[in-house]
Each structure stands twice: as structure tokens, then as C-alpha cells.
Amino acid sequence: MTEVEIQEKYIPKWAVSKVHGNCFVFDITPEQLVDVCSELFHVHQLPIKTVFASQGDIKSGEYYIHYVFGVPVENFYIIPRLLIIGTTEFPSLANSVYPASLYEGGIREMFGLEPIGRPSEAQPVLLHENWPAEIFPMRKDFMDIPLMNGHSKSMEYHFSKVDGEGIYEVPVGPVHAGIIEPGHFRFSMAGERIVRLEAKLGWMHKGSEKMFEKLSPSDGVRLAEHIAGDSSFAHSTAFCQAVEGLGGTIVSDRAQYARVIFGELERLAGHSSDLGFILSDTGFNFGLAQCGRLREQIMQACEKLTGHRFLRGVNIFGGVYVHLRKGEIEELLQLLHGWKKEFEEIIKIADDNSMVFNRLSGAGILAHQVAIDHCAVGVPARASGVIVDSRIDFPYAAYGKLHHEVSVEYGGDVLARFNVRKREVLTSLALINEALQAMPDGEPVSPREMTLRKNSYAVGISEGWRGEIVYVVVTDENGNISRVSLRDPSFLGWHLIPHAAPGNVLLDFPLINKSFNLSYSGNDK
Amino acid sequence: MNFAVIIIQVLFVPLVAPLIIGVTRRIKAAMQNRRGADIFQPYRDLIKLFRKAEVLSEDATTISLVSPYVVFASMITIGALIPIVPFAGNILSSYADFIVVISLMILATFFLALNGLDAGNAFGGLGSSREMTLAALTEAGLFFSFMSIALLVQSTNLITLSIHIGTLPSSDWLILSLAFLAFFIALLAENARYPFDNPSTHLELTMVHEAMIIEASGPRLALFEWAAASKLLIFIVLGANIFIPWGIIISGWQSLSLAILVLLCKVFVLTVAVAMLESMTAKLRFFRLPDLLSTSFMLGLIALALAIF
């Protein structure tokens, strides 16, 4: 589709849209908000990628709220922009476009803007209740406010109560046994059965989005790598793509392929570890030991190729820092050949074990409709029969030139998520093979002189092993980065688990949770 | 001779029990291509725990203070009664009734469950509730498996049972093996082994036995751990000397040492069996466990019926 066609199809006639690379931004008034967004979401069926706010002129109290819709396959983004002046209230979109509700909650906590008419209860989504009142971490003046003791708590947190005879509550966390991040789970139980689960997060807010505004773009890449530490490469890829879009940087062909290779290596590591932990939570320790070993092989290969186990310091605007020499490519091909054999053998042993199957099958079912209603992404969505994969929907790097398809399962249970991972591992291996062979010669990184477009927007999307990662980068009138909005797939995923848990026995919850394996850090950012 | 037997009876279980745990872990590690810890590691862990300071919940009552001792004392008493070296002359043997042994086990389970509830920890309560659900279903299979053999030998005394088991005609071996299967399932359930419980999990939500002692620390935790190890060894010894009728007749010093050697071999075989089972299976769903326990119950019942008719 050409720009004109996009404009005619998706953007209202009255609107004046400005094209920023692949983003179509147009202003709307609060009255138009619901109509415009409902049309994009319900009539054109465009997935909502993120909703984020940014601060305009501080003196006149300007805030912008951006609703980012993606046009699959075409790789365009339609961004209606709502301007609010002199008030801290804006109309909620959640009643007509439900997935907006979560983002609106985040905007309320980060900017102190109140979504009027938002149906969800007043529970915080990104901060915890001890965060000081009237201090909003994403406002421009945040850094000038001294943070000290004595601030009043911003809210009281009340867990929703389930009434009924014999209902009791089990609190878990935020400190857990084992080395994992903090999160609190409140189960309302009837005997062994979970009646309701409430997940309370926000202990890990590190002010990452704010920090992006203070860092130079190239330091921003290093920060992006630390948003969700085990998904470093996918995060840096998404951020680099957004900034490259702003700078009009051309990524060399070789780097396009290299990004596929490293992205898929990261997926291999993530998925093989997840498969092992799912097996381990059924008590099948063989799986953990073997899959842990397989993951380690990938990590060591990554270190050998790039100098970093988690592939940090690899991505840079315009390409990657790693050359991938002929000998290295052959070595990697050979390693993966043996790896695949072992993987298939181990998975076969797990598949043949009827007790493992019995534990996985039917546990933690995420209904197809729930996944659709929440605009779910990544493994949980695909396991519930939603065909989404940004490698195909929003092809980036060299994914458009390679052969692969979405791995979909329809069960929605732990088994389905297990199988999606299993199949994606095989897809990744095929992709790496193809990319290694098709990778053209040339420099892995283009010359890096780069000035960013002024007052502009760019969206970068990549498919991490957890799911789709979205970065939106905004520049000011000097061409400096003034706002970075990021969305880790975990942000959506954490709101799916409470729908998958009820009806299961509490003993199965760790297994269900592991089958989602979400990042706390990525959610709290 | 009599004195030596009593010494062995009293000390064998507490001294050897941690080794059984160490061996189980080592075999499991080997089955997963890991090296695993030294087989003497559980001893070091116990010593470490005994030296540590203790943290007690503010809500804990006397129950938390007393129950580790009750649980451990029950296991030591049972250890002295069971036929480790079946020698009818020893003075302990007249108390070695299997109904006494099972009752002492239930006493220990009862105090464990109370301990789980005592501090008001949500996981402890869950563990106790799960344990009682399982225990109620396990006892029946355990009782019937012993009862069927008691009927064959016409005695409920464990020492008498184990001495006479070798003299049973081979036509009774069917009953013996059915009873053994029922017993083995009960062994796994009573000792929080697979597929009932994962003894090495860190996931509080899935625990049964570990959840009940989750509030314990220091020496009291050591006693619980030691008691749990002893319980496993007690069950294994019972399995070895009641259901596997070889090498248990004791008449003099020479046969005593031979009997101990044979016992150790049988214990090792059963330990390997438990460890192998744990390496090759997964945990069952909680609500599938009653099916397995009723299998144990039915096997025990069939053995009993065969023994009567």
C-alpha cells in the first residue's frame, strides 16, 4: 500500500495527518477519540500496539496521549494523538477498546493524568502503593523533586475479596523461594481450587523510560538491553529500529541477516530454558537438567561469537558489531546440527512420558476469546489460537526474506504453550540455517553519522522469545530523544494469568506461571 | 548377643537414615547426567542445622516447640521396634507389633500436621490439609498389606512376621507380592516421594511435607529432616525384611553379620528403586493421587482376601 492508500483507508477525511517515516500521526479532540479509535480497532481490526503519554509545553500544561495502531504486513502505524491542555483528565477509551485500559492505568501512575470512565478498579499497574503521592515519575519535572522519606503513600491497596463459606486467601510473595524477581500473588481459594487470583506487581520500577530521555541514543541501546535481561537482543533490536527510523539510517543487508541469527539464538536459549523449567515443575527433573544443558550450549556459542552470553553490546544503529566470519558460521551450523538432534531426542522422551502429558494437558487454560480481548501477544496468544507473530505481521530485519510460519496451537493450556515453544525452537533452527546461508557479504554495520528527525516519531517492533516488544521514540525540536515508550510482552501477559488460573488446583499454579514465564522487570520497567 | 542386637536396633535407623537420602540424591543426579553431592552430604546438613540459631514465629505456640521432638522420638522408637536384625530373644521384640508401629507413625503425622497449622503460615496450613487428605487414604493400604501377612503367619508381631516369612510355602508368594505392591505405594505416599510430593522442590505452593515444616529452622528443622530420613529408612527396612524373605534368620554372631550385610543389600536395592522411579516419572496431579492410593488399598484388600480364604 502506498502512503496515499493508507491515508484514504484508515485516516478520517477531516484529519490532517503528518507522515513520520512509517508513522501516520494526526490530532484528535477528546470528543473524537472513541469514534476514531473504535473504527481503527473494530472496523479495520488493527491491533493496538501501545498507548502512551508525553508531556508537551510545561508552562501551558500540555500533555499528548498517543494511541498506536499497527497495520499488519504493511508495516505502517496509525497514531491518533490526543492533546489535553490545562487539565489532568482525559476520556478513557477502555469501554470501547478494552486493551487500552491497561495502558491508561500506566499513564495515570506515570503522568498523573486521570482516565475518566475507565472501568477497571483503581489498582495500580506499574507502581506499588508506597510510591509517594503526587509524584509522577514520567513528568518532566520529576528529576527536580527531591525524593525523601516523609511523603505520604499514594494509595491504599485493597485486594478484591471473594465472599463465601470456606473461602480463604493465600498470599505469596513478593519475596519468593528461589531466585526470581518480586511479585505478589493473592489467591482466593476454595479447598485446593483457585477461585480468583490477583497479581500485584510494580516493585521493580526502575525509571527506565525516564532514563532514556537523559541518555544519548547509543547509551540508550545499552539501557534497552537491560529492560528484561534475558531478552536483551530483542529489546535492543526494537530500540535500534525505532532510532534508525528517526535517523533514516540504512541497515546493511548483512546486518539484517545477523539480527535474525542473533534474535533466533536468543529465542533458542529462552525457549529451551522454559521447556526445561516447565518439565521441572511437573517434577520431571530429567527435562530441567537436559534442557538446561542445551540452553548453556547456546549461551556459550553466543559468548564465543559476540563476547557476551546475553548478546549485549551487539546491536548498534545501522547494524551489529559482530562480523561473523566464515569459520564461525560453519562452526555454528555444526553446533546447531548436533543441538537439534539432542533437542529432538530429549523432547521425545518428555513427550512419551504419560505422566508429564497428564500434568500439562488441560492445566491453566487461557480461552481464545480472552487472549483476543486482551490483544495478547507472544507464546500465550499463539497457544490460544491467536495468529500473531511480529516477525510475520511486522516483518523487520531479514524476516521478510526468509521462510517461516506462525506456530499456533489451539488448546490454550500449558501443553499448548509447551508445544508452541517446541515448534518455535525448530522454526528458529531452520531460520538460523537459512539466514546463515543466505547472508550476503559486506559490512555488518553502515557508517554511523546520524541526525534524528526533529519533532518526530518512530516505532520499532521486534518479536522477543516472550512476545512482541514495542518501542516508540519521540524527538523534540532539536532532534534529541524526548520520550521513549516501551512495552514488554510481559506487561500484557501478567494480566492474562489471572484468567488462566481460576479452576485449577493451587499445586498446578507454579506450572501455569512457568508456562507463561513473564518478566517482572520488563513489566515494571 | 542380645545386647548387641538391641544396640543395633536402636542405632541403625538414625545413623544410617541420612545416608539413604544421600544415596537417593546421588542416584537421581546421576540419572540426570549431573555429578551430584557426596552421599554423606545429608550428615553435614544436619550438623549445620544443629549448630544454627533458631527463628520462631511470634504466633508459634508450644506445639511448634514440642512437635519436632514428638516426631523424632516416634521415629526412633519405631526404628528400635522394626525387624532390622530379627532376633526373637531381644526384649524389645515383644513390643514390636505392627499396629503399634502404624499408630506411632500416625502420631508423628498428626504432630507434623499440627506443626504446619501452628504458626498460621498459609503454606503450612495447605501442607497440613494435603497431608491429612493423603494420610487418611494411605493408612488403609498400609494396614491391609501388613494384615494379610499377619494372617498368613498368625501373628501381628513384626519380629515373628519377619522370621516366619521365609518359611512360608511358595503358594503364598502371590499374597506376599500383592501386599508388597500395596506397601510400596504407601511407602511413596508416607515419605512424600514421587509421584506424591517432590522432596527437593522450592515451590511452596506445591509442597506437602516440606510445607508443614516451612516455619521450622535450626535444630528443630534438623530434627524434622532427620525424622523424615529415618521414616524413609524404616519403610525400606520394613519392605526388605517383611516382604523379601531372604537372609533374615539369625542364630549366632556369624549369621548376625551376614544378616546385616544382606539387609544393607536389600535396602540399597529398594533405595535405587525409589530413586529410579523419581527420575523417570513426574508428579501426579493432586486429585489423581487418590486413584493411586485406592490402588494400594485394593491391592491390600485382595491380598487380605486371599490370605483369609
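Residues numbered from 1 in each chain as written. Chains lettered and ligands numbered in written order. Predicted model: local features only at pLDDT ≥ 70, side-chain atom pairs only at ≥ 80, totals over all residues. Heavy atoms only, no water.

Points about the overall build of chain A
Right, on to step 1. Counting secondary structure elements, chain A contains 18 helices and 15 strands.
Right, on to step 2. Compactness check: chain A gives a C-alpha radius of gyration of 23 Å against a globular reference of 24 Å for 525 residues, within 12% of the reference.
Right, on to step 3. Along the longest, intermediate and shortest principal axes, the C-alpha atoms of chain A span 70 × 65 × 50 Å.
Right, on to step 4. Across the 525 residues that make up chain A, the buried fraction comes to 60%.
Right, on to step 5. Considering only contacts in chain A between residues 6 or more positions apart, those separated by 24 or more positions represent 67%.
Right, on to step 6. A total of about 20000 Å² of accessible surface is found on chain A, and carbon and sulfur atoms cover 53% of it. (Helix = DSSP H or I, 4+ residues; strand = E, 2+ residues; numbered from the N terminus. Rg over C-alpha atoms; globule rule 2.2 N^0.38 Å. Buried < 20%, exposed > 50% of the residue type's maximum accessible area, 1.4 Å probe, protein only. Contact = heavy atoms within 4.5 Å. Areas by Shrake-Rupley, 256 points an atom, 1.4 Å probe, with all protein chains shown as cover.)

Some details on the packing of aromatic side chains
Right, on to step 1. Using the criterion set out here, one finds 33 aromatic pairs over all chains in the structure.
Right, on to step 2. The structure contains a cluster of three or more aromatic residues connected by ring pairs, namely F98, F143, F144, F146, F180, F183, F184, F235, F243 and F297 of chain B.
Right, on to step 3. When the ring centre of F159 of chain A is taken as reference, the NZ or CZ atom of R186 of chain A above it lies at 4.0 Å.
Right, on to step 4. A cation over a ring is seen here: K525 of chain A above F491 of chain A, with NZ or CZ 5.6 Å from the ring centre. (Phe/Tyr/Trp six-rings, centres within 6.5 Å; stacked < 30°, edge-to-face > 60°. Lys NZ or Arg CZ within 6 Å of the ring centre and 35° of its normal.)

Let's talk about the packing of helix 6 (residues 232-247) of chain A against helix 7 (residues 253-281) of chain A
Residues and elements named next belong to chain A.
Right, on to step 1. In the contact formed by helix 6 and helix 7, the axes pass within 8 Å of each other and the chain directions differ by 145°. Across the interface between the two elements, S232, F233, A234, T237, C240, Q241 and E244 from helix 6 touch R259, F262, G263 and E266 from helix 7.
Right, on to step 2. Looking at side-chain class alone, the contact of helix 6 with helix 7 contains four nonpolar, four polar and three charged residues. (Axes fitted to C-alpha atoms, helices over the stretch in contact; angles between N-to-C directions. Nonpolar A, V, L, I, M, F, W, Y, C, P; charged D, E, K, R; others polar.)

Some points on the pattern of salt bridges
All names here are of chain A.
Right, on to step 1. Applying the stated rule across the entire model yields 38 salt bridges over all chains.
Right, on to step 2. Residues R466 and D230 are paired through a salt bridge, measuring 2.9 Å at the closest nitrogen-oxygen approach. Placement of the pair is R466 in the loop between strand 13 (457-463) and strand 14 (468-475) and D230 in the loop between helix 5 (217-224) and helix 6, with a sequence separation of 236 residues.
Right, on to step 3. Residue class for R466 comes out buried when judged on its relative accessible area of 8%.
Right, on to step 4. A salt bridge links E409 to R423; the nearest nitrogen and oxygen atoms lie 2.8 Å apart. (Salt bridge = Lys/Arg side-chain N within 4 Å of Asp/Glu carboxyl O.)

A look at the domain arrangement of chain A
Residues and elements named next belong to chain A.
Right, on to step 1. According to the domain assignment, chain A consists of domain 1 (3-120) and domain 2 (208-518).
Right, on to step 2. A separation of 27 Å is found between the C-alpha centroids of domain 1 and domain 2.
Right, on to step 3. Counting residues at the interface gives 29 residues for domain 1, matched by 23 residues for domain 2.
Right, on to step 4. Between domain 1 and domain 2 the total buried area reaches about 2100 Å² when both faces are included, carbon and sulfur atoms providing 66% of it.
Right, on to step 5. On the domain 1 side of the contact with domain 2, K49, F52 and L102 bury the most area, a combined 28% of that side's loss. (Domains from an automatic or database assignment. Buried area = accessible area lost by both parts, 1.4 Å probe.)

Some points on the interface of chain B and chain A
Right, on to step 1. The partner chain A presents 33 residues to the 26 residues of chain B that form the contact.
Right, on to step 2. Summed over both partners, the interface of chain B with chain A comes to about 2500 Å²; 61% of that surface belongs to carbon and sulfur atoms.
Right, on to step 3. It is Q32, L205 and R285 of chain B in chain B that bury the most area against chain A; as a group they hold 25% of the surface buried on that side.
Right, on to step 4. On inspection of chain B and its partner chain A, the count reaches two salt bridges.
Right, on to step 5. In this structure, R130 of chain B and E192 of chain A form a salt bridge, with 2.4 Å as the shortest nitrogen-oxygen distance.
Right, on to step 6. Inspection of the region where chain B meets chain A yields ten residue pairs in polar contact (both at pLDDT 80 or more).
Right, on to step 7. When contributions to the side of chain B that touches chain A are tallied by element, the ones reaching two or more residues are helix 1 (2-31), helix 5 (122-153) and helix 10 (253-280) of chain B. (Polar contact = N/O pair within 3.5 Å; in protein donor to acceptor, adjacent residues only side chain to side chain.)

Focus on the sheet that holds strand 9 (residues 184-190) of chain A
Residues and elements named next belong to chain A.
Right, on to step 1. With antiparallel pairing, three strands are arranged side by side in an open sheet as 8-9-10. Whereas interior strands pair on both sides, the edge strands pair on one side only; in this sheet they are strand 8 (167-172) and strand 10 (193-200). Looking at each pair of strands side by side, their axes are set apart by 20° on average, direction ignored.
Right, on to step 2. Where strand 9 meets strand 10, seven bridges bridge the pair, whose relative direction is antiparallel. Across the sheet, the residue bridging to A190 is R193, located in strand 10. (Pairing = 2+ DSSP bridges.)

Topic: the sheet that holds strand 4 (residues 62-71) of chain A
All names here are of chain A.
Right, on to step 1. A sheet is described by the order of its strands in space; here five strands give the open sequence 1-2-5-4-3, paired in mixed fashion. Strands with a single pairing partner mark the edges of an open sheet, and in this sheet they are strand 1 (17-20) and strand 3 (48-55). Strand-to-strand twist in this sheet, taken as the mean axis angle between neighbours without regard to direction, amounts to 25°.
Right, on to step 2. Relative to strand 4, strand 3 is paired through seven bridges, and the arrangement is antiparallel. Within strand 4, the position partnered with Q55 by the bridge is Y63.
Right, on to step 3. Most of the contacts of helix 2 (residues 30-43) go to strand 5 (residues 76-85), to which it runs at about 165°, and overall it touches strand 2 (23-28), strand 3, strand 4 and strand 5.

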